[in-house]
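So you can see what is in the structure, the chains are spelled out below.
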Amino acid sequence: MTNFRFIVCCLVFVVISAIGGYGAFLYEGIWEREQKLHLTEITNAQASAIERRLERSLSATYMLSHQIRYNHGDVDSFQDFAKETIRAIGGISNLQLAPQGVIRHIYPLKGNEKALGHNLLIDDRRKKEAQQAIKERMLTLAGPFQLVQGGIAVIGRNPVFLDKDGSDQFWGFASALIFLDTLLDVTDLKDLASKGYNYQLTRKHPDTGEWERFATSDNSLDLFQVTFPVRVPNSQWKLTLSRPLPSRPLALWQGVASSLCIGFLVSLLLSYILKEPERLRRIVAEKTDQLNELAFYDVLTGLVNRRLFMQQLDCELKLLQRSGSKAALMYLDLDDFKHVNDSLGHYAGDLLLVELAKRIKTTVRESDIVSRLGGDEYAILMMNIHSADDCKAVADQIISKIQEEIIIEGHHLTVGLSIGITVIPDDSIDLREMLNNADMALYESKRQGKNRATFFNYQLQQFAADRIQLEHELKYALNNNEFELYFQPIIRLKNRQVVMLEALLRWNHPEKGLIGPDQFIDIAEQCGLIIPMGGWVLEQACSTIVSALEQGEPCVPIAINISAKQLTNIDFAKEAKQILERYEVDPAMIEMEITESTIMENMEESLKQLNFLKELGCRFSIDDFGTGYSSLAQLKQLPVDTLKIDRSFVRDIEYDHHDRQIVEAVIAMSHRLGLSVVAEGVEDQYQLDFIDKSGCDLVQGYLFSKPVPYSDVDLHELVI
């Protein structure tokens, strides 16, 4: 085995090294071809730019020739025509007319006077090209050459023939002179030279036939170069571009060395693999077990996860159908677990979930299946129960066990648990229906006040159906303006004057009549309709204020209630601002009432929304103060102006001295914090006198007025 492993490793080393070396050799060749191709593309682009510029500039001679033939040799309009042609085409130094080969007209003339009178067919050193143009009746290019008037240029001469007595007779030349610098300006050669490229333009001399250089960069050409032809009339030009060959990313010797190293390392690795196949098989088996654990068990608590629980539940249902025994499915959900996460952090929340899983597991039988479905939700499948009383007793034990004090990171916690129970097969034997039944029972436990166990019954099913129907009716009502606002006055005790109105929502149902918010607000909150409903309330409040001001009626601020769902909507503050701006209502005319529990649901996000609206000028009050979870430390963070004492404290102050003490303490504390106080639910004279004597600022209740339509509100009327 050792010899076999050695031979295999050697063969692998040789093969990998050979492949790597050959790859390095191929890479070097490909790299050089890529560099050559790149340089060729650049050279071709520059040569094409020169060709296009020459072709465009020389086209002016054809236009000039056509104009001469059109005017039968008359050149009176030459200056204007030449001026317009140079402006339109560009890149031309000047245009010339040479009747019978003698230059008589130049535009522009300034700086070119020395060229006038020059005979192209006799005096000019480039008369050969001129004579060739006449002979072949085609445009010829002369140059580059030194001009009489100074500078280096090329000139295109186009012979012009006029029809006289049925035959073509030579009239002269129409010429375009192009400075070499102007011609090269259309290229990127100068920029390329600044980047390390070198270039050279050459032409084949018409007399000697030898190649001569007429334009070049400051530095000489490098060995790595590309030459490309430049097509010009009756001549041959070449553009050569070069650059120093850049350093190779990987030299050949580096590639070979890398291949040897890789071959050696792969050989060592292969030797290690061949040497320890048993260890690898053992690792695979261990990892498989771990994956099964992750796939079917909750990582945090170690309980069965949702996937495995559903599989086991399906199997147990099939066994129940054959055996005829009973079972129970419980859904468990922690009450207000979000407050623990928000106040102590997610790590503390995880520790709490682990501890609760242990307590649930120790309360049930070993044969019962306990699962964590996700978040703070658990499920228990109790097999072989005799009656519903069996699982009720277990559920009560679990609730009692969970209520025992838990210490998490030094914090003493007491939590509640809600449970929904469905009995199998009494309630259903269908898996989907059974899960829905347990969920409805759990919802009913939450609705009844939490921290309790509730059995499924068909009334819950009807309740769920009614709830769905109510949701549909609410959507219809919102779209068809079935809601309206009633207003209850808020009175300042000092002068007994109405200083604010609280807007209260009513549903004018087409069949059931006027419905109070206690019958539909919770459903609207749960299904999300509270967000558009809250926007409608704000719009109606703004509309009421605007209408009163337009009619010259007295107007006081209006208080509206804000729900938790609205505050968790990240666009709430911006949308409220848009409504206020659309109705042009002073934000100080709107007071938004929020409850303690609303703020506590998401303290950080709520503060952002409230501070944004506070900066606009809106006012805030805490409604139902004393019934929530807020502390004085949290109260100090809130941008509130007013506290509203909940009616539950006002209702019994005549008989309950504890309520009287609470009311007095809240009023004193609020005044120390610079807040106004409103007492809600004042219904008799004793309550009013006590509230007034305690120093309360504002009051509202049936003693003064029930909520009424705005048309029935009388702001002038003096109250009790």
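Note that the structure is predicted; figures quoted are calculated from it, not measured.

**Student:** If you had to explain the overall build of the chain to someone new, which residues and values would you point to?
**Tutor:** On a plain count of helices and strands, the chain comes out with 23 helices and 25 strands. Burial statistics for the chain: of 720 residues in total, 45% are counted as buried. Expressed as a percentage of contacts within the chain between residues at least 6 apart in sequence, the contacts between residues at least 24 apart total 64%. Accessible area for the chain stands at about 37,900 Å²; split by element, carbon and sulfur atoms hold 52% of it.

**Student:** Go over the pairing of strand β12 (residues 377–385), please, and point to the residues and values.
**Tutor:** With seven of nine residues buried, β12 is to be regarded as a mostly interior element. With eight bridges joining them, strand β10 (residues 326–335) and β12 adopt antiparallel strand pairing. The partner of Met330 across the bridge, within β12, is Ile380. Here strand β11 (residues 369–374) runs beside β12; their pairing, made up of five bridges, is antiparallel. By the bridge assignment for β12, Ser371 is matched with Ala379. The turn linking β11 back onto β12 is made up of two residues, and Gly375 within it adopts a positive phi angle of 60°.

**Student:** Give me the lowdown on the packing of aromatic side chains, citing residues and values where you can.
**Tutor:** Aromatic ring pairs: the centre-centre distance and the angle between the two ring planes describe each pair. This model, assessed by the stated rule, comprises eight aromatic pairs. Look at Phe483 and Trp507: their rings are 5.9 Å apart centre to centre, the planes differ by 40°, and that puts the pair in the tilted class. Within this pair, whereas Phe483 is found in strand β17 (residues 483–492), its partner Trp507 is found in strand β18 (residues 497–509), the two being separated by 24 residues in sequence. On the basis of relative accessibility, which here comes to 6%, the residue Phe483 falls in the buried class. The rings of Phe483, Trp507, Phe520 and Trp536 are connected pair by pair, giving a single aromatic cluster. Directly above the ring of Phe161 sits Arg137, whose terminal nitrogen or CZ lies 4.2 Å from the centroid. The aromatic ring of Trp211 is capped on one face by Lys238, whose charged end is 4.4 Å from the ring centroid.

**Student:** Tell me what's going on with the sheet that holds β11, and back it up with residues and numbers.
**Tutor:** Across the sheet, which stays open at both edges, the five strands sit in the order β11-β12-β10-β15-β16 with mixed pairing between neighbours. Since the sheet does not close on itself, it has two edges, and those belong to β11 and β16 (453–455), each with one partner. Within the sheet, the average angular offset between the axes of one strand and its neighbour, ignoring direction, is 20°. Sheet topology note: the β10/strand β15 (residues 416–424) ladder contains nine bridges and is antiparallel. Bridging from a neighbouring strand, Asp333 pairs with Ser418 of β15. Its contacts with the sheet put helix α10 (residues 346–363) on β10, β11 and β12, and the angle it makes with β12 is roughly 5°.

**Student:** Please provide a residue-by-residue account of the sheet that holds strand β9 (residues 235–242), values included.
**Tutor:** The four strands are arranged β7-β6-β9-β8 in an open sheet whose pairing can be described as antiparallel. The open sheet terminates on both sides in strands that have one partner only, identified here as β7 (211–216) and β8 (225–232). Ignoring which end each strand starts from, the neighbouring axes of this sheet average 25° apart. Bridging between strand β6 (residues 198–204) and β7 involves five bridges; their strand directions are antiparallel. Directly across from Gln200, in β7, lies its bridge partner Thr216.

**Student:** Account for the side chain of Ser670, naming residues and giving values.
**Tutor:** You can see Ser670 is positioned in helix α22 (residues 657–672). Non-local contacts of Ser670, meaning those with residues more than four positions away in its chain, are made with Leu643, Leu675 and Val677.

**Student:** Can you tell me about unusual backbone geometry, naming the residues and giving the values?
**Tutor:** The omega angle of the peptide bond from Tyr107 to Pro108 is 0°, so this bond is cis rather than trans. Cis geometry marks the peptide bond from Ile424 to Pro425; its omega dihedral reads 5°. Tracing the backbone shows Pro425 in the loop between β15 and α12 (431–447). The phi dihedral of Arg496 is positive, around 55°, even though this residue is not glycine.

**Student:** Any details on the confidence of the model for the chain? Residues and values, ideally.
**Tutor:** When pLDDT is low, close inspection of the predicted coordinates is not appropriate. Averaged over all residues, the pLDDT of the chain equals 82, while 87% of them reach at least 70. Taken element by element, the predicted model of the chain shows its lowest mean pLDDT in helix α20 (residues 632–637) (63) and its highest in strand β25 (residues 698–699) (94).

**Student:** For the side chain of Ser621, give the residues involved together with the corresponding values.
**Tutor:** On the secondary structure map, Ser621 appears in strand β22 (residues 619–625). Within the local environment of Ser621, its side chain forms a polar contact with the side chain of Glu591, the two groups lying 3.3 Å apart. Setting aside anything within four residues of it in sequence, one finds Ser621 in contact with Glu591, Met592, Glu593, Ile594, Thr642 and Lys644.

**Student:** How would you explain the environment of Glu377 if you had to name every residue and give the values?
**Tutor:** Counting through the fold element by element, Glu377 comes out in strand β12. Among the residues examined, Glu377 registers a relative accessible area of 34% and is labelled partly exposed. Through-space distance from the C-alpha of Glu377 to that of Leu353 is 9.5 Å; in sequence the pair is 24 residues apart.

**Student:** Residues and numbers for the state of the cysteines, please.
**Tutor:** Formally, a disulfide is one covalent bond, and it connects the sulfur atom of one cysteine to the sulfur atom of another. Enumeration according to the criterion identifies zero disulfides in this entry. No disulfide involves Cys542; its nearest neighbouring cysteine sulfur is the one of Cys618, lying 8.7 Å away.

**Student:** Could you give me a rundown of the pairing of β8, with the residues and numbers involved?
**Tutor:** Bridge analysis of β8 against β9 gives eight bridges, and the strand direction is antiparallel. If you follow Gln225 over to β9, its bridge partner there is Ser242. Connecting β8 to the antiparallel partner β9 that follows it, the hairpin turn spans two residues, and Asn234 within it adopts a positive phi of roughly 45°.

**Student:** I'd like a rundown of helix α17 (residues 572–583), residues and numbers included.
**Tutor:** Taking 1.5 Å of rise per residue, the twelve residues of α17 would be expected to cover 16 Å, and the 17 Å separating its terminal C-alpha atoms lies within 8% of that figure. Three or more residues of α17 are buried, namely Phe572, Ala573, Ala576, Ile579 and Leu580. Along the long axis of α17, the arc covered by the buried residues comes to 120°, so they all point the same way. In α17, the exposed residues that point more than 90 degrees away from the buried face are Lys574 and Glu581. Buried residues belonging to α17 abut α15 (530–550), α16 (564–568), β21 (590–595) and α19 (603–616). Directly after α17, the chain includes Glu584, whose backbone phi takes a positive value near 55°.

**Student:** If you had to explain the nonpolar core to someone new, which residues and values would you point to?
**Tutor:** Grouped together as the largest cluster of nonpolar side chains are 75 residues, with contacts concentrated most on Leu474, Phe483, Met533, Ile560, Ile590 and Met592. With nine residues, the top contributor of residues to this core is α15. Those residues in contact with Ile590 that lie beyond four places of it in its chain are Leu538, Ala541, Cys542, Ile545, Ile558, Ile560, Leu580, Cys618 and Arg619. Phe337, Ile360, Val370 and Ile421 belong to the second-largest nonpolar core, a separate cluster that totals 34 residues.

Thresholds applied
- Residues numbered from 1 in each chain as written.
- Predicted model: local features only at pLDDT ≥ 70, side-chain atom pairs only at ≥ 80, totals over all residues.
- Heavy atoms only, no water.
- Helix = DSSP H or I, 4+ residues; strand = E, 2+ residues; numbered from the N terminus.
- Buried < 20%, exposed > 50% of the residue type's maximum accessible area, 1.4 Å probe, protein only.
- Contact = heavy atoms within 4.5 Å.
- Areas by Shrake-Rupley, 256 points an atom, 1.4 Å probe, with all protein chains shown as cover.
- Pairing = 2+ DSSP bridges.
- Phe/Tyr/Trp six-rings, centres within 6.5 Å; stacked < 30°, edge-to-face > 60°.
- Lys NZ or Arg CZ within 6 Å of the ring centre and 35° of its normal.
- Axes fitted to C-alpha atoms, helices over the stretch in contact; angles between N-to-C directions.
- pLDDT = per-residue confidence, 0-100.
- Polar contact = N/O pair within 3.5 Å; in protein donor to acceptor, adjacent residues only side chain to side chain.
- Disulfide = S-S within 2.5 Å.
- Expected span 1.5 Å × (residues − 1).
- Arc of directions from axis to C-beta.
- Core = buried A, V, L, I, M, F, W, Y, C linked by side-chain atoms within 4.5 Å.

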